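Tertiary structure, described
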Amino acid sequence: MRAIWLSSLLLVLVLVAPSCSKRSDAPADAKSDAVSTSDGELADLDAEPGGADLADLSTEDDASDGLGEQSDAVDVDYNSPIPPVTTLRRTRVGVVAIQKGTDETKPEWGKTLEGPGEPFVPRDDLKASTVADPTPSGAPTSLSYFVQVTDMQIIDEESPMRDMNFDAVITATWRPQEMWSLHMFEMVVRTVNRFCYHYRPFDFLLLTGDNINNNQTNEQMWFLGVLEGKLIDPDSGADDDPVPGPDNDANDPFQPEGLYPGLPWFTVFGNHDGLINGVISAVFPNGALGQVFSDLAAADDGCSNCFDFSLTPAQQQLALENDDRYKTAIGNWSRAVITPTADAPKISQIRQKEGPIPSDFERRPMTRNTWLKTLFGTNTVPDGHGFTQQNIDDDTAHWSRIPNATLPIRVIALNTTANSVADGSSEGSIDRKQLEEFLIPELKKAQDEKNLVIVTAHHYISSITNPDTFGPKDPKDVSAAELEAVLFEYPNVILWVGAHSHRHKITAHVAPSDKEPMHGFWELETSAVIDWPNQSRIIEVIDNRDGTGTIITTVFDYISDESDWVSKQADRGRFWAVYDIQSGRDFPNSYGVESDRNTLLRFAIPPQVRERLEASYVDGTVDVRPIVSYRFLSWPEK
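The structure reproduced in this document is the subject of the present report. (Residues numbered from 1 in each chain as written. Predicted model: local features only at pLDDT ≥ 70, side-chain atom pairs only at ≥ 80, totals over all residues. Heavy atoms only, no water.)

1. Focus: the overall build of the protein chain
Note the following rule: Helix and strand labels come from DSSP, where a helix needs a run of H or I of at least four residues and a strand needs a run of E of at least two; each type is numbered from the N terminus. Note on exposure labels: buried denotes an accessible area under 20% of the residue type's maximum, exposed denotes more than 50%, and partly exposed covers the range between, all computed with a 1.4 Å probe on protein chains only. In what follows, a contact means two residues having at least one pair of non-hydrogen atoms within 4.5 Å. Note on areas: these come from Shrake-Rupley sampling with a 1.4 Å probe, and a residue is covered only by the protein chains present in the view.
The number of helices and strands found in the protein chain is 15 helices and 16 strands. A burial count over the protein chain gives 63% of its 638 residues as buried. In the protein chain, the share of contacts with a sequence separation of at least 24, taken over all contacts with a separation of at least 6, comes to 79%. Counting every atom, the protein chain has about 22100 Å² of accessible surface; 52% of that belongs to carbon and sulfur.

In structure tokens form, the structure reads like this:
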């Protein structure tokens, strides 16, 4: 049986390897012009990472910066002396290049310092300037101001339902920084909060999937706990405490700050949210998953009822939880041994080995429907976070919202993990029913409303390959080319916000030659919180009042506060994310080039949308707001 399991899993890993492993198409970070450095020594993977202090910036507002008033910021003296800083001012770089290191550079692996800021890069790939009115009708205004955070992959690092034995095939099955995934996300949330307090509250937070790593209930509860500000114990099984005492290791409980009060957040469904290891469905057909996990569970047979779609979603979840594979893997027996450590161990020290592991029913996998239900009844807004009761009733994971009723932007979220839940793959997939019965009608509605459209999904467009990992492709599935052609038909589509690649990348989808420039749109991919450079992105949509708009993208690092132990844990996560690359275990692919990071992306606004906007500014039905993003250039120094 072990031979069958090995061959089955190797087949899975080989077929999905292009999406699970990351690409190496970005330049290494430079050391020149750096302004401050971290300290600490490191010899190998068992060493202690050094600190990484950020520059001490003033919280005093500069009223004479010429970029507008502080607007409706709530409290510039918010309870931290550390104001938020974007990569326009400071960029986290490596002490040595973020690439595979040498024996000579090994003492510097993992260490980061503050490098110079990066300018906004104007891009007019869509040729929007060719249709611009030479006489703007008024001052530019901010139509939408939101923040994208993605691929946190919050992980139960002690779970036996993992495959770190195959780290040599796909490095994403294990990361030295994974035990700090929660702490890194917590510091991202704190950074988002400081932007809200020090500048202006975001219109919304957009989480573009892979919020968790392994489709486990406890991971989902930890994820929600960070946003809700609920006490979290990031431990499973036995109450492990690698370093005795509180507030000194990654397994200790902590109190999250919670998301800025009243800030709406929305999410999409990622492959790691719905699939074990981001690849394999917990309700896999024909018992194949029983083979794949035969060394984790006592039973070798499959979940005979889990994949029976004649059952209701609730009955499917019950069958899943009663299945012997999961009772044994998450419950009272397993052949895996995974012991938490005080700091990042070597992969050779934590590979799954034969032996007992404490049980924890909270590790149980979730069906998609169960995952949806966890988003309702939180103490944050809106209820369902994009999804509605109709999604639960229909077992679908797409939604469409106007996040702010006074702003003419409709956000349409697609489920690009749709077929993967049945077939098992990390790559993207869109079924024809979702295209024809949801996406196209929503695009038509937005066109009738004369609203601009942002489409979002976990996957980037070219990764929507409808994989045939375990059988022939469904001829009804929608290809990336067909999807792009549909989006080209609607000139009010301005942006696709995606993720999955764990990299910064901006792609211009230029309108076909037979269409006007307004039929083109931009596509964003943003780096993962879990992997270097551990960054997120602020997005602001501007009406230039000349028939064009600008999408301003600004990358930021999460803050570091050496006086706070959670922040120190997050710093360790960033340290090991860099070390992961410099040790040669992973690739320096995610930083992108300057034109993928801080940018000014110009697009054409359809005439009917422009007319609606101009009339709305006059009658007050659309807010006229100052641009926030330019203020990131000028936060004053002490």
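Resuming the write-up.
2. Quick look at the sheet that holds strand E6 (residues 204-207)
For the record, the criterion: Strand pairing is assigned whenever DSSP detects at least two bridges linking the two strands. The angle between two axes is taken between their N-to-C directions and runs from 0 to 180 degrees, where each axis is a line fitted to C-alpha atoms and a helix contributes only its stretch in contact.
A sheet is described by the order of its strands in space; here 7 strands give the open sequence E4-E16-E15-E14-E5-E6-E7, paired in mixed fashion. A strand with exactly one partner marks an edge of an open sheet, and here the two such strands are strand E4 (121-123) and strand E7 (265-267). Each strand of the sheet is rotated relative to its neighbour by a mean of 25°, with strand direction disregarded. Of the strand pairs in this sheet, strand E5 (residues 141-149) and E6 are connected by 4 bridges, and their pairing is parallel. Within E6, the position partnered with Val149 by the bridge is Leu207.

3. Things to note about the nonpolar core
Buried together is how nonpolar side chains tend to be arranged in soluble globular proteins. Put simply, the rule reads: Within this scheme, the nonpolar core is defined by two criteria: the residues are buried Ala, Val, Leu, Ile, Met, Phe, Trp, Tyr or Cys, and they are joined through side-chain atoms within 4.5 Å.
If you look at the biggest cluster of nonpolar residues, it comprises 86 residues, and the most contacted ones within it are Val149 and Phe223. Per-element tally for this core: the top contributor is helix H2 (residues 181-198), with 10 residues. Not counting residues within four places of it along the chain, the set of residues in contact with Val149 comprises Phe185, Val188, Val192, Leu205, Leu206, Leu207, Thr208, Val529 and Ser536. Core analysis: the second largest hydrophobic core is formed by 24 residues, Ile412, Leu439, Val486 and Trp496 among them.

4. A word on the pairing of strand E3 (residues 112-116)
Both faces of the sheet carry side chains from a regular strand, because those side chains alternate between them. Burial analysis of E3 places 4 of its 5 residues in the buried class, which makes it a mostly covered element. Examined bridge by bridge, strand E2 (residues 90-94) and E3 share 5 bridges and lie antiparallel to one another. The partner of Arg92 across the bridge, within E3, is Glu114.

5. Overview of the sheet that holds strand E11 (residues 493-498)
Ordered in space as E8-E9-E10-E11-E13-E12, the 6 strands form an open sheet in which the pairing is mixed. Across the chains shown, the open sheet's two edge strands, defined by having one partner strand only, are strand E8 (399-401) and strand E12 (505-509). Between one strand axis and the next, the sheet turns through 15° on average, direction left out of account. Where E8 lies against strand E9 (residues 409-413), 3 bridges are found, and the strand directions are antiparallel. Residue pairing for E9: Arg401 is matched across the bridge by Val411. Where helix H12 (residues 432-449) meets the sheet, it contacts E8, E9, strand E10 (452-456) and E11, and its direction lies at approximately 180° from that of E9.

6. Let's talk about the environment of Asp273
Formally: N or O atoms closer than or at 3.5 Å make up a polar contact, with two conditions inside protein: a donor-capable atom paired with an acceptor-capable one, and, for residues adjacent in sequence, both atoms drawn from side chains.
In this fold, Asp273 is placed in helix H4 (residues 271-274). Residues Asp273 and Asp210, 63 residues apart in the sequence, show an inter-C-alpha distance of 5.3 Å. When sequence neighbours within four positions are dropped, the list of residues in contact with Asp273 reads Gly209, Asp210, Asn211, Ile212, Asn215, Val268, Met366 and Trp371. For Asp273, the side chain forms a polar contact with the main-chain nitrogen of Asp210, separated by 2.9 Å. At 2.8 Å, the side chain of Asp273 and the backbone nitrogen of Gly270 are in polar contact.

7. Some details on the packing of aromatic side chains
Counted only if it meets this: For this analysis, a ring pair means two rings from Phe, Tyr or Trp (six-membered ring only for Trp) whose centres lie within 6.5 Å, classed as stacked if their planes differ by under 30 degrees, edge-to-face if by over 60, and tilted for the remaining angles. Charge over a ring is defined by NZ of Lys or CZ of Arg lying within 6 Å of the ring centre and within 35 degrees of the ring normal.
Scanning all chains against the criterion turns up 21 aromatic pairs. For the ring pair Phe120 and Tyr630, a centre distance of 6.1 Å and an interplane angle of 85° mean the geometry is edge-to-face. Residue Phe120 is found in the loop between E3 and E4, and its partner Tyr630 is found in the segment after helix H15 (607-619); the two are separated by 510 residues along the sequence. A relative accessible area of 29% means that Tyr630 is categorised as partly exposed. Pairwise contacts between aromatic rings join Tyr145, Phe195, Tyr199, Phe202, Phe556 and Phe632 into one cluster. Geometry around Tyr558 places Arg574 over its ring, the cationic atom sitting 4.2 Å from the centre. Lying across the ring of Tyr591, Arg597 places its NZ or CZ 3.9 Å from the centre.

8. Brief notes about the packing of H2 against helix H3 (residues 217-228)
For clarity, the threshold we go by: Note that the term roughly parallel is reserved for angles under 35 degrees, roughly antiparallel for angles over 145, roughly perpendicular for angles of 65 to 115, and oblique for everything else. Put simply, a crossing is left-handed when the front helix is turned counterclockwise from the back one by less than a right angle, and right-handed when it is turned clockwise. Each residue receives one of three labels: charged for Asp, Glu, Lys and Arg, nonpolar for Ala, Val, Leu, Ile, Met, Phe, Trp, Tyr, Cys and Pro, and polar for the others, Gly being one of them.
At a closest axis distance of 10 Å, the pairing of H2 and H3 adopts a crossing angle of 25°. Taken as axis vectors, H2 and H3 run roughly parallel relative to one another. Considering only the axes of H2 and H3, their crossing is right-handed. In this structure, H2 contributes Leu182, Phe185, Glu186 and Val189 to the contact, and H3 contributes Trp222, Phe223, Val226 and Leu227. Within the contact of H2 with H3, the residues separate by chemical class into 7 nonpolar, no polar and 1 charged.

9. Things to note about the side chain of Gln569
With respect to the helices and strands, the residue Gln569 is situated in helix H14 (residues 565-582). In this view, Gln569 contacts Trp180, His183, Asn248, Asp249 and Ala250; residues no more than four positions away in its chain are not counted.

10. Re the environment of Trp371
Mapped onto the elements, Trp371 comes out in helix H9 (residues 368-373). Linking Trp371 and Gln220, residues 151 residues apart in sequence, is a C-alpha distance of 8.1 Å. Apart from residues no more than four positions distant in its own chain, Trp371 is found in contact with Gln220, Thr267, Val268, Phe269, Asp273, Met366 and Phe387.

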